[in-house]
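Given next are the chains, with one letter for each unit.
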Amino acid sequence: MTNWHALSKDEALEKLDSSSEGLEESTAEKRHEEQGPNKLPESARRPWWQRLLAQFHNVLIYVLIAAAILAAALEKWVDAGVIGAVVIINALIGLVQEGKAEKAMEAISQMLALKAKVRRDGRWQEIEAAKLVCGDIVRLRAGDQAPADLRVLKARGLQVDQAALTGESVPVDRSSEAVDEDAALADRKGMVYSGTLVTAGEAEGVVIAIGSDTELGKISTMLEGVEKLTTPLVRQINRFGHILTAALLAFTAAIVGLALVIHDMPPAEGFLAGVALIVAAIPEGLPAIITITLAVGVRRMADRKAIIRLLPAVETLGSVTTICSDKTGTLTRNVLKASRIVIGDEARDADQSVEDNPGVVALAEAAILCNDADADGEEGDPIEKALLALAEPADIDIEQLREDHPRRGALPFSSEQKFMATAHDGRLIVKGAPETVLERCTAQRSGQDCQDLDSDWWDQELDKLTADGLRVLALAEWQEDKDWDDSIEPEEVGDELCLLGLVAFEDPPRDQVPAAIKACHRAGITVKMITGDHAATASAIARKLGIKGDEDTLTGPELEKLEDDELIKRVGATNVYARTSPEHKLRLVKALQANDAVIAMTGDGANDAPALKRADIGVAMGIKGTEASRQAAEMVLADDNFATIASGIEEGRGIYDNIRKAILFILPTNAAEALVIATAVLAGMTLPITPVQILWVNMATAVTLALALAFEPTEGEVMDRAPRPSDQGLITRFVAVRILWVGLVLTGLTFFVFQWSLSGQSDEALARTMAVNLLVVGEIVYLFNCRRWLSPSLTLEALLANRWAWVLVGVLVLMQAGFTYLPAAQLIFETTALGLGHWLLILALVTPLLVLVELEKWAYRRRQSRAAD
Ligand code: ATP
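The chain is annotated in an unreviewed UniProt entry as HAD-IC family P-type ATPase of Wenzhouxiangella limi. In its Subcellular location (unreviewed entry) section, UniProt records this for the chain: "Endomembrane system".

In structure tokens:
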């Protein structure tokens, strides 16, 4: 085994047959074939039979199995067979649905695959981390997660959080130093291990181990597979299911006991009626429907570029009252263009020809030297790439200039300090937010010389640029012959700089954003902008976007002066925060939460992680975000676009709606089935529906109708509602009232049709076939009511919105036809053929239900709009 930490950089490179220029692409490909993908093995999926067996682990199934055994013991073979078949079919359906849901989640987690910056063929490029091979040269920046085990070759202020490996979340310093052979993992200064997070600085390193050969791979060769498909809501429903089962067992025992005593019912019949009652009442399909609804919904959100990392977020999304968004890149395009420059005593367009103006040339040179973007403008921060455009009018060859003035040291940019600096022979160049740079200047460039700074004039020029919503950078230099270290400390920059000038950039809002902000406002959601940019720039953009609050822009320094309780009072009315640092975001989240807001907060930097974690929904950026921010977030925007948050909220509300609709649909029908049996048993009447028939109805509708609701598209009006109060339970008064009355109406209709049929001298078989079909047709009709929460269901648009509903209704109709007319089914279920008149009667009886529910919705809508007036 090689002790990489004890080898020098060159020894390590030699051993890996690599160089600081990186591997050739062809070598990397060959190695990839030999070494395999850089991935930890996923925990093997349980074999299908084990997953099938797990489906039987359910109290209800235990009850059913016991019932089947008892029925067989009583020689009731048909009952035993049907119950057995239901148990098996139920398990198979569960297995298929679970598999589908897991696949959907797997596809989504792959969208978040880790990327790595690697140098191949001498060029930096971004590839999937899975494609890394030993010997690759990788670049790390603050916020990155190490994609493999690396021997550090170059490091600047590098700090790493090794929590993934050691469990301890304290950043440790790392450098390119070799250490003693028997140094412990934590003391191996020259190593950065896979899975650890870079918290500060930057580095380059060579990959020494990938996949399961990494230290992380050694301690956990198993990667936690797909995230479990569970949320607080699913758990709440499972718990509700357990309580319901227990209560039902007691209720059933009481009813059957009474029937045995009062009506002298034969024990075997009593027992089967009891089983039927339990099966009828328990909404066994509900947990599976919720799982499928979540999976379908999350998939739909991913199609709209909102990737859910943590499933509970789906529920929370519907309650969001406030979105706090970054400006640059999220609200604006972040495709910057330098439009104006200001030097000495003149302001001009950035693309104006230079005509040997030494001031402009000096500014352009500084902008190109104090800049991390690649010379070809392909890699780098958009603002730095935009600065390279100053080269052309000034006739500068970027590569030549950089070769002539090599970088001796650097202080990287950070959002806290808001500037960066680079040292070259004989001078230091500083670039950053104008106020920060101006503060450190005492002079300004004039021609070839420096003269006293005219602060007022610069302030005026700055005001003009920012008032137009332009993003502004200042550049300054310090002519000093000094031996600079590789890494420069902020104090070393000093405050006697000579200002070279300002560069202003256009960063227009993204096209879809104004409409998305309007949609949020309609949906009762406040949008706040939290930016690192200048106050006036932020205000101008906020005005364009329509998010200006009642109060003025609050800046980071002003915010620091406020006590917590003062801030809590101000956050409500202030919508624009400028010149903020990441730690201000955390304070803002806390202050907003103290006002009972439910917050979605965006962030991209490593230091945004605490605010993202604290927010109710942390939103990270898929393109420009750091891995650290993504790991702290609940939702990731694949396109970094604010409009996607609004789509996410819309879909989230839709998913919650569909879950509520499934409940609104399933519970009354279960209640009706149970009430029919309980009433008949208690009254000592002939059962209008036999236990085997109940099992059929339950199974047939659970695999068809309820499933249709999972595919219901989000209703257009979800964004016209106020956010759902976060403490609102699933069973609101509206839901409870609906369950009760629809349950009672269906029960009444079933009894009516059964008695009516019997009184017309029909036999029991016909009366029961009528009763069963009435219940099923009633459920079909009621499904159409439930497909819309409050808006009318009987519009063409609503009827055509979900083709699955029609397909599944079609399947159910075929199943019912088989149940009614097939001789084998007639034998098993004791059914008999119905005539056209029977069907017409059934339809005539259930149609009023359709109308009644629509009337209820109409009355509710009217009450709501009156209350709103
Ligand atoms: P947001 O928080 O909305 O993304 P932002 O990008 O302006 O806004 P920061 O990245 O924190 O926020 O930048 C703060 C300020 O620092 C910018 O307004 C700009 O003046 C300056 N700045 C940004 N990038 C650089 C850079 N690469 N070099 C020097 N200064 C920069």
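Now that the structure has been shown, the text picks up again.
A. Up close: empty space enclosed by the protein. By the definition in use, this model includes 2 cavities of 30 Å³ or more. Volume-wise, the largest cavity comes out at about 120 Å³. The wall of the largest cavity is formed by 15 residues, among which Ile666, Asn670, Asn698, Thr701 and Ala702 lie closest to the centre. Take the lining of the largest cavity: its biggest share by element is 5 residues, from helix α24 (residues 642-683). Along the lines of polarity and charge, the residues of the lining of the largest cavity split into 7 nonpolar, 5 polar and 3 charged. Size it by volume and the second largest cavity reaches roughly 50 Å³. Around the second largest cavity, the lining residues are Ile341, Ala350, Gln352, Val354, Val360, Leu363, Ala364, Leu390, Pro393 and Ala394. The element that contributes the greatest number of residues to the lining of the second largest cavity is helix α12 (residues 358-369), accounting for 3 residues. Split into classes, the residues belonging to the lining of the second largest cavity amount to 9 nonpolar, 1 polar and no charged.

B. Highlighting the pattern of salt bridges. Counted according to the given criterion, the structure contains 40 salt bridges. Glu715 is the partner of Lys661 in a salt bridge, and the nearest nitrogen-oxygen pair spans 2.8 Å. One end of the pair, Lys661, is in helix α24; the other, Glu715, is in the loop between α26 (705-710) and α27 (733-759), with 54 residues separating them in the sequence. Through salt bridges that share partners, Lys327, Glu435, Arg471, Asp533 and Arg579 make up one connected network.

C. Just unusual backbone geometry, in detail. For Asp17, which is not glycine, the phi dihedral falls at a positive 55°. Along the chain, Asp17 turns up in the loop between α1 (9-15) and α2 (25-35). Classification of Asp17 as exposed rests on a relative accessible area of 62%. The phi dihedral of Lys418 falls on the positive side, at around 65°, and the residue is not glycine.

D. Geometry of the state of the cysteines. Inspection of every chain in the model, using the stated rule, returns 1 disulfide. Disulfide pairing is shown between Cys450 and Cys498; the S-S distance is 2.2 Å. Sign of the S-S torsion, about -105° for the bond between Cys450 and Cys498, identifies this disulfide as left-handed. With Cys450 in strand β16 (residues 449-452) and Cys498 in strand β18 (residues 497-506), the pair connects residues that are 48 residues apart, well separated along the chain. A residue is classified by how much of its surface remains accessible, and Cys498, at 6% relative accessible area, is buried. Not part of a disulfide, Cys370 finds its nearest cysteine sulfur in Cys441, a span of 13 Å. Cys441 takes part in no disulfide bond, and the closest cysteine sulfur to it belongs to Cys498, at a distance of 7.3 Å.

E. Fine view of the site of the ligand. Around the ligand sit 19 residues in total, of which Lys327, Thr328, Arg471, Thr531 and Gly532 are the nearest. Take Thr328: an N or O atom from its main chain is 2.9 Å from an oxygen atom of the ligand. Burial of the ligand by the protein chains amounts to 90% of its free accessible area of 600 Å². Within the shell around the ligand, the residues separate by chemical class into 6 nonpolar, 5 polar and 8 charged. Each of domain 3 (313-333 + 510-644) and domain 4 (337-506) contributes no fewer than three residues to the shell around the ligand.

F. Broad picture of the nonpolar core. Ranked by size, the top nonpolar core spans 171 residues in total, and within it Leu64, Ile308, Ile323, Met529, Met635, Phe642 and Phe665 carry the most contacts. Per-element accounting of this core gives the leading share, 21 residues, to α24. Here this core spans two domains, and each of domain 2 (232-304 + 648-868) and domain 3 (313-333 + 510-644) adds at least three residues to it. Residues within four places of Phe642 in sequence aside, it is in contact with Ile323, Ser325, Thr330, Leu331, Val513, Ala516, Ile517, Cys520 and Val527.

G. Here's a closer look at a nonpolar patch on the surface. Among the surface-exposed residues, Leu258, Leu260, Val261, Ile262 and Leu682 lie close enough to one another that they form a single nonpolar patch of about 460 Å² accessible area. A total of 4 residues in the nonpolar patch trace back to one element, the largest contributor, which is helix α8 (residues 232-263). Examined against the element boundaries, Leu258 turns out to sit in helix α8.

H. Structural context of the sheet that holds strand β21 (residues 576-578). Spatial strand order, β8-β24-β23-β22-β9-β19-β21-β20: 8 strands in an open sheet with mixed pairing. Either end of the sheet is taken by a strand with one partner, and the two such strands are β8 (306-308) and β20 (554-555). Two elements, β8 and strand β24 (residues 635-637), share 3 bridges in a ladder whose sense is antiparallel. Its bridge partner lying in β24, Ile307 is registered against Val636. Sitting on the sheet, α24 touches β8, β9 (322-325), β19 (526-530), β22 (599-603), β23 (617-621) and β24, and the angle it makes with β9 is about 155°.

I. Up close: α24. Here α24 is 42 residues long and its end C-alpha atoms lie 62 Å apart, about the 62 Å a rise of 1.5 Å per residue gives. Among the 42 residues in α24, 37 count as buried, and that is most of the element. For α24, the N-terminal capping position is held by Asn641, with its side-chain oxygen 3.0 Å away from the main-chain nitrogen of Ala643.

Reading the values: rules and limits
Residues numbered from 1 in each chain as written. Predicted model: local features only at pLDDT ≥ 70, side-chain atom pairs only at ≥ 80, totals over all residues. Heavy atoms only, no water. UniProt positions renumbered as here; feature names shortened; annotations may be inferred. 1 Å grid on protein atoms, 1.4 Å probe; cavity = no way out; pocket = protein on both sides within 12 Å on 5 of 7 lines; lining within 4 Å. Points joined across faces, edges and corners; volume = space filled by probe spheres on them. Helix = DSSP H or I, 4+ residues; strand = E, 2+ residues; numbered from the N terminus. Nonpolar A, V, L, I, M, F, W, Y, C, P; charged D, E, K, R; others polar. Salt bridge = Lys/Arg side-chain N within 4 Å of Asp/Glu carboxyl O. Buried < 20%, exposed > 50% of the residue type's maximum accessible area, 1.4 Å probe, protein only. Disulfide = S-S within 2.5 Å. Near = heavy atom within 4 Å. Polar contact = N/O pair within 3.5 Å; in protein donor to acceptor, adjacent residues only side chain to side chain. Areas by Shrake-Rupley, 256 points an atom, 1.4 Å probe, with all protein chains shown as cover. Domains from an automatic or database assignment. Core = buried A, V, L, I, M, F, W, Y, C linked by side-chain atoms within 4.5 Å. Contact = heavy atoms within 4.5 Å. Patch = residues over 30% accessible without salt bridge, like charges linked within 9 Å, V, L, I, M, F, W, Y side chains within 5 Å. Pairing = 2+ DSSP bridges. Axes fitted to C-alpha atoms, helices over the stretch in contact; angles between N-to-C directions. Expected span 1.5 Å × (residues − 1).

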